[in-house]
Structures are given as structure tokens and as C-alpha cells.
Amino acid sequence: MSNHPLIREGRAGRTAAMALMFLLAVYFLLPIYFLIVAATKPQGDLASTNGLAFSHFDLFDNLGTLFGRSDGIFGRWALNSVIYAVLGAAVGTLISALCGYALAKFTFRGREFLFSVILGGVLVPTTALALPLFLLFSATGIVNTYLAVFLPSIVSPFGVYLARIFASAAVPQEILESARLDGAGEFRTFFSVAFRLMAPSLVTIFLFQFVAIWNNFFLPMVMLQKESLFPITLGLYQWNGQTARAPLLQESVITGSLVSIVPVIILFILLQRFWRTGLAAGSLK
């Protein structure tokens, strides 16, 4: 039986798929490995040693230099990134949930047209909106403030699209009707019934929002001039532009890049576990 042609083809297909996944994993993880290796080296070893081989382990010295440079400005950039990403993703997820729930569970004139416009917003690149947003915020006087980065971050057409799908699949209409018959208002029905049913799926939206805001570079570059308001991405970009006249900044840029990806990895792993658990529980119900 083991020599049956279909069995051999199945094994060959699985082997090819595993080989392809292994190559893709190496492709995506190799830059992270290089970043880890480079962040552990002293400045002098960056150019004089193999880029993929460890040399002198100076990671802790590099971290001390990174957080002590320019009166600890990197710590302020990290805090700014946390403020922008966590608050922006949380508020953006709530707004997406409300909009997606309304589009999924309420019938009103122009609903499908409105949803089509939102889908069209998914196709608009964020870089194309930076200049109009800058002109708008300049007129309102909020350029070079936290709001200039925070307000655009809480709007996600893709999040609304996902929330509508989640609401349609996870929130039965019968439960909503029962809540309304018990005298619950629409907002109470949403937060006490629909939001809880959608919560596992909303973690996905939160992850998308968080990663997009954390990695956002162009919008802060357009909106901000004060160093104290920079996120990590813009701060490291500014340092990288100064390495020609200050070569010692190169190691801080590399170490800062490594530090900047650690929160994203940790948060993604933790929320992914919660997301899987929630989906499994929701499927049993």
C-alpha cells in the first residue's frame, strides 16, 4: 500500500510544501537574526566581522548607550510609540466594531453604498492622505501635537470591513431581539451582548491596527517637528541620517531597531494565543 501512486504523490506534495515553508521561514527570519547579531557587537566589529557571526557580546553596553544617548530621548520615543499604538489601536478597534456592527445588523437606506465607499477607502494608500491631512490639521492648529498622529490612526476602513464580517458571523439576530425585548437600548445591547461575542475576533483588528501604527513612519514625518513627539520609527530614521558625520550612532540605530520589534513580537504572541482560544470557545457555542 505504501507504494501506491496516490500515496507517493501525497508525500511528495507534503515534502515540497514543507520545503517551501522552510525556505520562506529562513527568508523572513534571516533579517531578524542579522539584527540580533549586529546588536550584540561593538561598533568596531560591525564592518570588520562576518555579519551573520557573533563576536564580542556587548548587547548590554549597547543598550546602556542607546537609552543614555541625548538625555534618554530614545526612551521618550518608545513611550510615544506606545501611546500612539496602544491608544490608537484600542480606540480604532472600538470605532471599527461600532461601524461594522451597525452595517451588519441595521438596515437603512444607502447602507451598501456606504460600505462600498469604505471598501474604496481600503484601496487608498495612507501616503496619499498625508498631505491633505497636513493641510487640514494646519488649518485647525494641531500640527506638531500628539493629536496629529493619533487622530488619523483611529480610522481604519479595513477594520470596519473585518468588523462587519465578524458581526454578521458571530452575533445572532435572535439574541439582539431578545435583548431589545428586555428593554436594553442599542448601546447597551452592543456592549453587553454583541461586543462580547465579537471580542475574540476584534483582537485581530487590534493587532492589525497596533502593528500599522507602531510601524507608521510617513505620517509622523509629515506632522511632527519636535523630537520629543517622535515615535521610534522617526527617531531612528533621524539618527540614521546622522551616521555619516557621527558613525557611533550606527550601533545605536541597530540596537534601537532590535528593541523596537520586541514589543510587537511579544504582543502578537500573547494576543494570538487569546485569539485562538476565543475562536475555539466561540465555535463550540
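Criteria and thresholds
Just so you know, the residues in each chain are numbered from 1, in the order the chain's sequence is written. Where totals are concerned, whole chains, interfaces and linings use all residues; where local detail is concerned, this predicted model gives features only for residues with pLDDT of at least 70, and gives and counts side-chain atom pairs only at 80 or more. Excluded from the side-chain calculations are hydrogens and water; all other atoms, namely the structure's heavy atoms, are used. What goes into a patch is any residue over 30% in relative accessible area without a salt bridge, connected to like charges within 9 Å or, for nonpolar side chains (Val, Leu, Ile, Met, Phe, Trp, Tyr), within 5 Å. For every accessible area listed, the method is Shrake-Rupley and the probe measures 1.4 Å; residues are considered covered only by the protein chains on display. Throughout this description, the term salt bridge denotes a Lys or Arg side-chain nitrogen within 4 Å of a carboxyl oxygen of Asp or Glu. Going along the chain from the N terminus, every DSSP run of H or I of four or more residues is numbered as a helix, and every run of E of two or more is numbered as a strand. Relative accessibility under 20% of the residue-type maximum defines a buried residue, over 50% an exposed one, and the middle range a partly exposed one, all with a 1.4 Å probe and only protein chains included. Counting rule for charge: Lys and Arg are taken as positive, Asp and Glu as negative, and neither His nor the chain ends is counted. Residue contacts are defined here by distance: any two heavy atoms, one from each residue, within 4.5 Å place the two residues in contact. UniProt positions are given in the numbering used here, feature names are shortened, and annotations may be inferred rather than shown by experiment. To pair, rings of Phe, Tyr and Trp, with the six-membered ring standing in for Trp, must have centres within 6.5 Å; the planes then decide the type, stacked if under 30 degrees apart, edge-to-face if over 60, and tilted in the middle. The pocket and cavity definitions rest on a 1 Å grid over protein atoms only: a 1.4 Å probe that fits but cannot leave marks a cavity, an open set with protein on both sides within 12 Å along at least five of seven lines marks a pocket, and residues lining either have an atom within 4 Å of a point. Grid points are joined across faces, edges and corners, and a volume is the space filled by probe spheres set on the points. Residue classes follow a fixed rule: Ala, Val, Leu, Ile, Met, Phe, Trp, Tyr, Cys and Pro count as nonpolar, while Asp, Glu, Lys and Arg count as charged, and any other residue, Gly among them, counts as polar.

Looking at a nonpolar patch on the surface
On the surface, a cluster of nonpolar side chains totalling about 1,000 Å² of accessible area is made up of F22, L23, V26, L29, L30, I32, Y33, F34, I36, L52 and F54. On the secondary structure map, I36 appears in helix α1 (residues 5–39).

Things to note about the side chain of E251
Note on placement: E251 falls in helix α13 (residues 249–284). Buried charge without a partner: E251 forms no salt bridge, and the closest opposite charge is K41, 8.6 Å away. With near-sequence residues (within four places) excluded, E251 lies in contact with A38, A39, K41, P42, Q43, L46 and N62.

So, the pattern of salt bridges
Within this structure, the stated rule accounts for four salt bridges. The salt bridge involving R180 is made with E186; its shortest N-O contact spans 3.2 Å. Taken together, the shared-partner salt bridges in this structure form one network comprising R111, E112 and R164.

A closer look at the UniProt feature "domain: ABC transmembrane type-1" (unreviewed entry) in the protein
Residues annotated by UniProt as "domain: ABC transmembrane type-1" (unreviewed entry) correspond here to residues 78–271. Secondary structure across residues 78–271 divides into 79% helix and 0% strand, with the first and last C-alpha atoms of the span separated by 20 Å.

What about the UniProt feature "transmembrane region" (unreviewed entry) in the protein?
The UniProt record marks residues 12–36, 82–104, 113–137, 149–172, 193–214 and 253–271 with the feature "transmembrane region" (unreviewed entry), using the residue numbering of this structure. Segment residues 253–271 splits into 100% helix and 0% strand. End C-alpha atoms: 28 Å apart.

Quick word on the packing of aromatic side chains
A full pass over the atoms with the stated rule returns 19 aromatic pairs. On the numbers, 5.3 Å between centres and 80° between planes, the contact of Y27 with F28 is edge-to-face. Overall, the relative accessible area of 60% leaves Y27 in the exposed class. A relative accessible area of 56% means that F28 is categorised as exposed. One aromatic cluster is present, formed by F67, F74, W77, F230 and W239 through successive ring pairs.

A closer look at empty space enclosed by the protein
Following the criterion strictly, the structure yields one cavity of 30 Å³ or more and no others. Considering the residues around the largest cavity, the lining is formed by S81, Y84, V149, I213, W214, N216, P220 and P231. At the level of elements, α4 (73–105) and α10 (186–214) are the ones that each hand at least two residues to the lining of the largest cavity. Looking at the lining of the largest cavity residue by residue, the classes come out as six nonpolar, two polar and no charged.

Quick word on the layout of surface pockets
Taken as a whole, the largest pocket holds about 700 Å³ of empty space. Lining the largest pocket are 24 residues; nearest its centre among them are T126, P152, V155, S156 and P157. Contributing elements (two or more residues each) for the lining of the largest pocket: α5 (111–122), α6 (126–140), α7 (146–153), α8 (157–170), α10 and α11 (218–223).

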